[in-house]
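What follows is each chain in one-letter form.
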Amino acid sequence: GEDVEQSLFLSVREGDSSVINCTYTDSSSTYLYWYKQEPGAGLQLLTYIFSNMDMKQDQRLTVLLNKKDKHLSLRIADTQTGDSAIYFCAETPDTGRRALTFGSGTRLQVQP
Amino acid sequence: GAVVSQHPSWVICKSGTSVKIECRSLDFQATTMFWYRQFPKQSLMLMATSNEGSKATYEQGVEKDKFLINHASLTLSTLTVTSAHPEDSSFYICSARDHGKTYEQYFGPGTRLTVT
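What counts, and where the lines are drawn
- Residues numbered from 1 in each chain as written.
- Chains lettered and ligands numbered in written order.
- Predicted model: local features only at pLDDT ≥ 70, side-chain atom pairs only at ≥ 80, totals over all residues.
- Heavy atoms only, no water.
- Salt bridge = Lys/Arg side-chain N within 4 Å of Asp/Glu carboxyl O.
- Buried < 20%, exposed > 50% of the residue type's maximum accessible area, 1.4 Å probe, protein only.
- Helix = DSSP H or I, 4+ residues; strand = E, 2+ residues; numbered from the N terminus.
- Contact = heavy atoms within 4.5 Å.
- Disulfide = S-S within 2.5 Å.

Trainee: Explain the pattern of salt bridges to me, please; I cannot follow it from the model alone.
Mentor: Pairing is possible between side chains of opposite charge, provided their charged atoms come close. All names here are of chain B. By the definition in use, this model includes 5 salt bridges over all chains. For the salt bridge of glutamate 22 with arginine 24, the shortest nitrogen-to-oxygen distance reads 3.5 Å. With a relative accessible area of 24%, glutamate 22 lands in the partly exposed category. Exposure remark for arginine 24: the relative accessible area of 34% places this residue in the partly exposed category. The residue aspartate 88 makes a salt bridge to lysine 66 at a minimum N-O spacing of 2.9 Å. With a gap of 22 residues between them, aspartate 88 in the loop between β8 (76–81) and β9 (90–97) and lysine 66 in the loop between β6 (57–58) and β7 (67–73) connect regions that are remote in the sequence. As far as the burial class goes, aspartate 88 and lysine 66 line up, both buried.

Trainee: I tried to follow the side chain of threonine 106 of chain A on my own but got confused; where do I start?
Mentor: Residues and elements named next belong to chain A. Mapped onto the secondary structure, threonine 106 falls in strand β11 (residues 106–111). Under the relative-accessibility criterion, threonine 106 is labelled buried at 0%. For threonine 106, the contacting residues outside a window of four places in its chain are Gln6, Ser7, Leu8, Phe9, Leu10, Ile20, Ala85, Ile86 and Tyr87.

Trainee: Sorry if this is basic, but what is going on with the state of the cysteines here?
Mentor: Note on terminology: disulfide describes a covalent bond linking the sulfur atoms of two cysteines. The full count for this structure, using the stated rule, is 2 disulfides over all chains. Shown here is the disulfide that connects cysteine 22 of chain A with cysteine 89 of chain A, its sulfur atoms set 2.0 Å apart. What sets the handedness of the cysteine 22 of chain A and cysteine 89 of chain A disulfide is the S-S torsion sign, and at about -65° it is left-handed. Here cysteine 22 of chain A, found in strand β3 (residues 18–24), pairs with cysteine 89 of chain A, found in strand β9 (residues 85–93); they are 67 residues apart in sequence, far enough to count as distant. Considered together, cysteine 22 of chain A and cysteine 89 of chain A belong to a single accessibility category, that of buried residues. The residue that forms a disulfide with cysteine 23 of chain B is cysteine 94 of chain B, at a sulfur-sulfur distance of 2.0 Å. Between cysteine 23 of chain B and cysteine 94 of chain B, the S-S dihedral sits near 80°, and the bridge is therefore right-handed. Of this pair, cysteine 23 of chain B sits in strand β3 (residues 19–25) while cysteine 94 of chain B sits in strand β9, and the two are 71 residues apart along the sequence. Overall, cysteine 94 of chain B belongs to the buried group, its relative accessible area being 0%. No disulfide involves cysteine 13 of chain B; its sulfur sits 18 Å from the nearest other cysteine sulfur, which is in cysteine 94 of chain B.

Take a look at the structure:
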């Protein structure tokens, strides 16, 4: 089945850029998502990209997709302390019931 | 943006009792909702797919008689944990797929269940 992997932890200083990486195994056309989870809360959809795209930018967020290597990254520009959270990468095929397969989550710690 | 609510946000129950968790899509219709379970400091594990007007599809290893799912309308799915045991204590999160935008999936705030 599908597998999604992420590094577990990232620490950056406030104002720096953060880059969170993710790899996936599904070879079919797929949607790839980034979600943010703050302590004790549900998941907030940040952005998503379809596998026929290379890049998507939305304000401080930039998603890059390397389809050949099945590598997805989320760049957060000008990282703020409020960005501290767990970031989940997820993917779903373009067909069928479209359940999400999640990575393990990357804990982003922003130091003032 | 699309909003999904869950009720209750937290619940404590005694072993052997049943607990019902509601998941509602507030401003969109959801023909499909998903139920996930999350253990502390872990990722989300899909439990089942809830389809409006039909039976839920359960993932391997999830007992359908223990985790009853009902999706009676386009905006409501319920998960009932029957005869709860301490090992059922977890964070349960639902998500709903927007019927008009099938690639967008929105999550509820989660329900923390503690079984004593």
